[in-house]
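Examination of the molecular architecture
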Amino acid sequence: MRFCPKIFNEINLEPAHISPCCNIRGLQTPVFPYSGGEIDMNAYAAFLQKTADELQTDSGLCRGCPDLESAAQPRTYGISFHAVSINMHRYFCNCKCVYCGLWQDRKRKEPYDPLPGLKSLRNQDALAENCVISWGGGEPSILPTFDASCDWALENGYYQYIHTNALRFSPAIARAIRRKRTAINISLDSSSPAAYKRVKGLDGFQKVTDSLKKYAEYDPGALTLKYIIFEENNSPAEVAGFIRLCKALNVAQAQYSLDFRETNSRKVSEKTLTTAAFMIKQAQALGVECVPSFIDRPWLEKINAIAESI
């Protein structure tokens, strides 16, 4: 039988639905209509069971997803979410990254407040004690409802992982960092103002680095800097500067990723793969921890093979 542990262990809030995962591969994934407010766990539990049953058919649901597993015997799961992803603000951002077209969508609606949904999950005992709340987007720190939700998670003991572009310094994020109850991930994708503007669509490199320095004053170990490597920024010199910046800020981790547009269309260039391998070697030379982010095995194997040959 086919199954996915995420079905009963993770939940993702999207603009018009909730689902067990964040669809980064353009597959047919399960969606449950939702646009804010309390979450009816009885109805959602029935939907999850229907999803688990449909995976045993040839409907095409989740076909080709590497997260699918096989088992000889049926497995039983109780619903206990160990991870909540918040992405209902996908279309709202103060950045204009060239690899993301969501900020250009003119049909977007004002994002709903995620707090009623979070509270209802807690009230229905659907959140595991060690549940991690992950903020994606879009840019969470510009949401008028972000501070209240972030503070609620902090006061109720939930660890948060926040993806932010750091164009705005957030006091709520700083409070969580100070209490060592959050980590933040910033896709900087550059190491110079010119490259930042080319990739991110605005002149914000100084604002971002200023915010990073402020966050690092509370705890540099809470910071992860990411570099999405693709045709616009696959310069070894730019990547080398990025690793030096990671070292200077003493961040916890550097990450490298690929552009989903290129991976989904299988158009990742050899230069991009070589630059990713170069980044690994540069990080090793400077003693910076460097790990892949959302890179499927075939691409990762190619990158690692190149790194071994350098």
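Residues numbered from 1 in each chain as written. Predicted model: local features only at pLDDT ≥ 70, side-chain atom pairs only at ≥ 80, totals over all residues. Heavy atoms only, no water.

**With respect to the pairing of strand β10 (residues 223–229)**
For β10, the buried fraction is high: seven of the seven residues fall into the buried class. Alternating positions in β10 separate into two faces, Leu223, Leu225, Tyr227 and Ile229 on one and Thr224, Lys226 and Ile228 on the other, with burial throughout. Of the strand pairs in this sheet, strand β9 (residues 182–187) and β10 are connected by four bridges, and their pairing is parallel. Pairing of Ile186 across the sheet is with Leu225, part of β10. Inspection of the sheet shows β10 paired to strand β11 (residues 253–258) by six bridges, in the parallel sense. By the bridge assignment for β11, Lys226 is matched with Gln255. Viewed along the sheet, the connection from β10 through helix α8 (residues 236–249) into β11 turns out right-handed. (Buried < 20%, exposed > 50% of the residue type's maximum accessible area, 1.4 Å probe, protein only. Helix = DSSP H or I, 4+ residues; strand = E, 2+ residues; numbered from the N terminus. Pairing = 2+ DSSP bridges. Right-handed = clockwise from strand over helix to strand, strands pointing away.)

**Notes on the nonpolar core**
Grouped together as the largest cluster of nonpolar side chains are 86 residues, with contacts concentrated most on Tyr44, Ile133, Leu225, Phe242, Tyr256 and Met279. No other element matches helix α10 (residues 270–286), which puts six residues into this core. (Core = buried A, V, L, I, M, F, W, Y, C linked by side-chain atoms within 4.5 Å.)

**Some thoughts on the packing of helix α3 (residues 115–123) against helix α4 (residues 146–155)**
Relative orientation of the contacting elements α3 and α4 amounts to 20°, with a least axis distance of 10 Å. Between α3 and α4, the crossing angle belongs to the class labelled roughly parallel. Between α3, through Leu115, Leu118, Lys119 and Arg122, and α4, the contact on the second element is made entirely by Ala148, Ser149 and Trp152. Residue classes in the contact of α3 with α4 are distributed as four nonpolar, one polar and two charged. (Axes fitted to C-alpha atoms, helices over the stretch in contact; angles between N-to-C directions. Parallel < 35°, antiparallel > 145°, perpendicular 65-115°, else oblique. Contact = heavy atoms within 4.5 Å. Nonpolar A, V, L, I, M, F, W, Y, C, P; charged D, E, K, R; others polar.)

**Thoughts on the side chain of Glu262**
You can see Glu262 is positioned in helix α9 (residues 260–264). It turns out Glu262 is buried and unbridged, and the closest side chain with the opposite charge, Arg261, is 5.4 Å from it. Not counting the four nearest positions on each side in its chain, Glu262 is found in contact with Phe230, Glu231, Lys267, Val268 and Thr272. (Lys, Arg positive; Asp, Glu negative; His and termini not counted. Salt bridge = Lys/Arg side-chain N within 4 Å of Asp/Glu carboxyl O.)

**With respect to the environment of Ile79**
Within the secondary structure, Ile79 is located in the loop between β5 (69–70) and β6 (81–86). With a relative accessible area of 25%, Ile79 lands in the partly exposed category. A sequence separation of 65 residues divides Ile79 from Glu14, and the C-alpha atoms of the two residues are 19 Å apart.

**Focus: helix α11 (residues 297–309)**
Along its 13 residues, α11 runs 18 Å from first to last C-alpha, staying within 8% of the 18 Å computed at 1.5 Å per residue. For α11, the set of buried residues is Trp299, Ile303, Ile306 and Ala307. Along the axis of α11, the buried residues cluster in a sector spanning 105°; they form a single face. Facing away from the buried side of α11 by over 90 degrees, the exposed positions are Arg297, Glu301, Glu308 and Ser309. Buried positions along α11 lie against β11, α9 and α10. (Expected span 1.5 Å × (residues − 1). Arc of directions from axis to C-beta.)

**Observations regarding the pattern of salt bridges**
Tallied over the entire structure, the rule returns six salt bridges. Arg175 serves as the salt-bridge partner of Asp151, at 3.0 Å between the closest nitrogen and oxygen. In this pair, Asp151 is assigned in helix α4 and Arg175 in helix α5 (residues 171–178), connecting sequence segments 24 residues apart. A relative accessible area of 24% means that Asp151 is categorised as partly exposed. For Asp189, the salt bridge goes to Lys200, with nearest N and O atoms at 3.0 Å. Taken together, the positions of Asp189 in the loop between β9 and α6 (193–200) and Lys200 in helix α6 put the pair 11 residues apart, joining distant regions of the chain. Residue classification places Asp189 among the buried positions, given a relative accessible area of 0%.

**Overview of the packing of aromatic side chains**
Counted by the stated rule, this structure contains 11 aromatic pairs. Pairing Tyr196 with Phe205 gives two aromatic rings, centres 6.1 Å apart and planes at 65°, and the pair type is edge-to-face. Across this residue pair, the class does not change: Tyr196 and Phe205 are buried. Between Tyr227 and Phe242, the ring centres sit 5.1 Å apart and the planes meet at 80°, which makes this aromatic pair edge-to-face. Of this pair, Tyr227 sits in strand β10 while Phe242 sits in helix α8; the two residues are 15 residues apart in sequence, bridging distant segments of the chain. An identical accessibility class is assigned to Tyr227 and Phe242; each is buried. Site record: aromatic cluster; members linked through ring pairs are Phe32, Tyr44, Phe47 and Phe81. Across the ring face of Phe169, the terminal group of Lys214 is positioned such that the distance to the ring centre comes to 5.2 Å. (Phe/Tyr/Trp six-rings, centres within 6.5 Å; stacked < 30°, edge-to-face > 60°. Lys NZ or Arg CZ within 6 Å of the ring centre and 35° of its normal.)

Bear in mind that shape data such as this cannot, by itself, settle questions of function.
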